[in-house]
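# Overview (structure and organization)
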Amino acid sequence: MSVELPKPYRVSVVVQTHWDREWYQPQQTFAERLLAVMERVCDQLDAGTLSHFLFDGQTAALEDLLHEAEPTLGERVLTHTRAGRIALGPWYVMADEFLVSGESLWRNLEIGMQIARAHGNCQRIGYLPDSFGHIAQMPQLLRHHGIGSAVTWRGIDLRHTEFRWVAPDGSEVDALYLTQGYYQHPLNLPNWQAALTQYLESIAPRALSGQLLLTQGGDHLGPHRELAQRIAAFNASQERYELVQESLQAHLDAIGPVERPALHGELRDNTQSFVLPDVLSTRRYLKEAHQRLEDRLLGETEPLWAWLQGATPPQKALLESWKLLLQQQAHDSICGCSVDEVHAEMESRFAQLDQRLSALRGRALHAAGLQTPLQHEGEGASVFADDSWVTVFNPLPLARSGWQRLDPMLQGPVPPALRVLDAEGSPLPVHWLGVQPARSLRSPLDDFPEPVIGHRMELRVALPLAGMQAQALRIEACDPSAAGAVSPCGGQELTLPFAFDVGNGQLLGEADGRLFWQTPAGKLQLLLHTELDAGDSYNFSPAPGNPDRQWHPQFQPRFVQRSGPFTHVHLDFRYEQAGGLDDERRDPGDRRTKVRGLLSLMLCEGQPWLEAEILHGGHAQDQRTRLVLAAGETLSDAAGDTAFHWTQRPVRVADWPAAPTKQVETPVLVNPSLSAVRAGGIAVAHRGLQEFEIVTGPGGAHALALTLQRAVGWLSRRDLIARGAGAGPDLATPDAQRGFDGVTAFAFALDAELDAAALLQTSLMRRRPLMLLPGQKPEAWREALTLPHPKLIPSSLRRVGDRLELRLWNALDESLPCALPGWTRSDDGGDTLAPHRIATFTRPA
């Protein structure tokens, strides 16, 4: 590929800062630094020595500045944004693309662009300078928001700067690869002329167009006071390069038409730059908390406000809730690769968001008249009501069939029996699988707060529901002889060996404690694996001496509960492992840690899925613990879901070097998954298990490994086998040794017939379960809505102003019918949704 290059080279100097809101210092510390940087920027813009400034493509930084700055500085900044001299947007934050849903990335762009436009200008460039790799659907996402170009760095292995980035649906954008990265500040340095020349000589041969780019700046940096003079002096001192201060958009415009190579889909290659893949499992407690709240917002708050006809959504409260969630998604935040203070503050913000969403739930019920916030007046269920008279709401436009889990809370002691009645008073089939004490403080607006004390029941109810359907139910204590009555199922002692046959498969506990699930598709073993981790928050790295790799295949039975088609098996596990690394970080230390935990498995006749919960205790340091599912298969690829895509990747088995190579990261082994994984016949639906790898199992065949724990004590280190350089400041992070103390819930199957759509829908229905709401008011609800094809995947359903909005996507390689009577599609796709396409539909509310 040859082009006629200009002489001299034209170099666009785009002065910028990359603003991590929080990273090696907490957000408030960086906010103070932001004031100093932007005052320096405004001084130079006012003086005319700086012509343009790129504010990192994140409008959250502008919000931080306006919140903290004195009015005079705030107005100076806004004067320049309105004049177009400070470029804003299009993002709200630079999120990690693999740890958040496609809908979150959509809202990130939507909110970022709204804020940018409100303050005078919006940069229409997909500016992604430091994301740890890129999702396959990013070009389509950008195109849906009117953006036709992108600027990236990590995840790309190309010789040249310019390329076309093509999404799985065929959408494409003109993209620019920052071959040397975004952090380029030669004009700030004492030896600036030599540094600048060296940089330009390195990038000039890689520009197909001959147009060169200097992103002058770096993390939390301001421009040098003599920037303009140095540019002028450099131009006067030589004739090979002509430096011009201008915007990033002006640089892209100057490139013009050029023949570009194409890159398709996901970008996670680390040949030329680090992608830091093991952030997928660092501080996993953050990932689980984030997904739970993302699910509440998308699977509870928004559909509830959209589908209650008498409730007008509080747009400000919803917007601020989204902003709070998105702030947590900034890559150094959600990736867990910041100092401990940052992540402690994240936990506080997660708690605040949880409180907001609970308040918004109650506010919707009050607005629609299902429940009154008052004790002595108002309509609907009492503020002190338990779940005797309830409405079950399906928050997805997907039909549900079979047994549904409901967890109602009933006041008083545990009754000898209960039953569930439909709106006509007819009993529904039900099984009572568990009970726990429960207490809830209620505070009416007109009297004293009081607790409601009772018990929460775990029920399985035969309750088919259409999409977005609301169904009134009565849950009542009754005599055991009453029609439809059911009593809690008791437990029976369980010993090895055991076998439970549920028609579609057998759960086998062998005499030596090994655990298997056998189906017509094969035989799957569940086991745990542990090994030492000498890495940091960015990369797993094996201990260079003895990595202490151990398989833990033994599970001891505790008891079993059986009720109708359900078999609930409770087991425990115990093992010992190294308590951490030795002082040289090469071998196991002297301390040993005893680990114990619980595993429960719920089987249902006729269902391919086993519901599982695992709980750990007694965590070691400097280690990685994985759940392994081994079916004796040899695999060439495996797949997991990312934002708006089902992504297939070739299997790469670990082959660790004896020593690191300078500035080289070992090939990427771990893969991201938002909620579902497929490896051969094994399928897993989960929340919070966002890192998986195909490993060599104990029998030599491939196996699926999902990371349960990764404990490390450093933000970054420079002595890793896995990465031949640092990735940030070398700071101790002792709280990153903390394990995940909650219950990890997932489901798995061994079924070769499950396609991607079925797996994704199973996972989505687990992550966005039925809502159990106090009160009954059938006229408050809109009519049911079920998608026109069972393999369409819903992303969101919300009310925006006076319209309802529904977003769908197609995970398959085939087109699917998507006609929705009364709804208008926002693009020109007609009544079918093309393979891998995202589409938005609206209708009057």
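Structure first, text after, so check above.
Structure report, in brief. Predicted, not measured: the structure shown is a model, and the values here were computed from it.

Right, let's get into the side chain of threonine 179. Here threonine 179 shows up in the loop between strand E7 (172-177) and helix H6 (192-203). On the basis of relative accessible area, threonine 179 is assigned to the buried category, the value being 9%.

Of the two faces of strand E27 (residues 610-617), the one lined by Leu610, Ala612, Ile614 and His616 is fully buried and the one lined by Glu611, Glu613, Leu615 and Gly617 carries no buried residue. Pairing of E27 with strand E36 (residues 744-750), which is carried by five bridges, proceeds in the antiparallel orientation. Of the residues in E36, the one forming a bridge with glutamate 611 is alanine 747.

All right, on to the packing of aromatic side chains then. Across all of its chains, the model carries 17 aromatic pairs by this definition. Both rings, one in tyrosine 9 and one in tyrosine 241, keep their centres 5.6 Å apart while their planes meet at 20°; by these two values the pair is stacked. Taken together, the positions of tyrosine 9 in strand E1 (residues 9-15) and tyrosine 241 in strand E9 (residues 241-245) put the pair 232 residues apart, joining distant regions of the chain. Across the pair, tyrosine 241 and tyrosine 9 agree in class, each one buried. Through successive ring pairs, a cluster of aromatic residues spans Trp19, Trp23, Tyr24 and Phe30. The lysine or arginine in question, arginine 268, covers the ring of phenylalanine 98, its NZ or CZ lying 5.5 Å from the ring centre. Taking the ring centre of tyrosine 285 as reference, the NZ or CZ of arginine 738 above it sits at 3.8 Å.

Turning to the sheet that holds strand E43 (residues 838-844), a few remarks are in order. Read across the open sheet, the four strands follow the order E38-E39-E43-E41; overall the sheet is antiparallel. Looking at the sheet topology across the chains shown, the edges are occupied by strand E38 (793-800) and strand E41 (824-825). As paired strands, strand E39 (residues 803-809) and E43 are joined by seven bridges and run antiparallel to one another. Along E43, the bridge assignment pairs leucine 804 with arginine 843. Against the sheet, helix H13 (residues 756-767) touches E38 and E39, its axis set at about 45° to E38.

It is worth spelling out the side chain of glutamate 246 at this point. Along the chain, glutamate 246 falls in the loop between E9 and helix H8 (248-255). A residue is classified by how much of its surface remains accessible, and glutamate 246, at 12% relative accessible area, is buried. Only 2.4 Å separates the side chain of glutamate 246 from the side chain of serine 12, close enough to count as a polar contact. Aside from chain neighbours lying at most four places away, what touches glutamate 246 is Arg10, Ser12, Val13, Val14, Ser51, His52 and His251.

What counts, and at which threshold
- Residues numbered from 1 in each chain as written.
- Predicted model: local features only at pLDDT ≥ 70, side-chain atom pairs only at ≥ 80, totals over all residues.
- Heavy atoms only, no water.
- Helix = DSSP H or I, 4+ residues; strand = E, 2+ residues; numbered from the N terminus.
- Buried < 20%, exposed > 50% of the residue type's maximum accessible area, 1.4 Å probe, protein only.
- Pairing = 2+ DSSP bridges.
- Phe/Tyr/Trp six-rings, centres within 6.5 Å; stacked < 30°, edge-to-face > 60°.
- Lys NZ or Arg CZ within 6 Å of the ring centre and 35° of its normal.
- Contact = heavy atoms within 4.5 Å.
- Axes fitted to C-alpha atoms, helices over the stretch in contact; angles between N-to-C directions.
- Polar contact = N/O pair within 3.5 Å; in protein donor to acceptor, adjacent residues only side chain to side chain.

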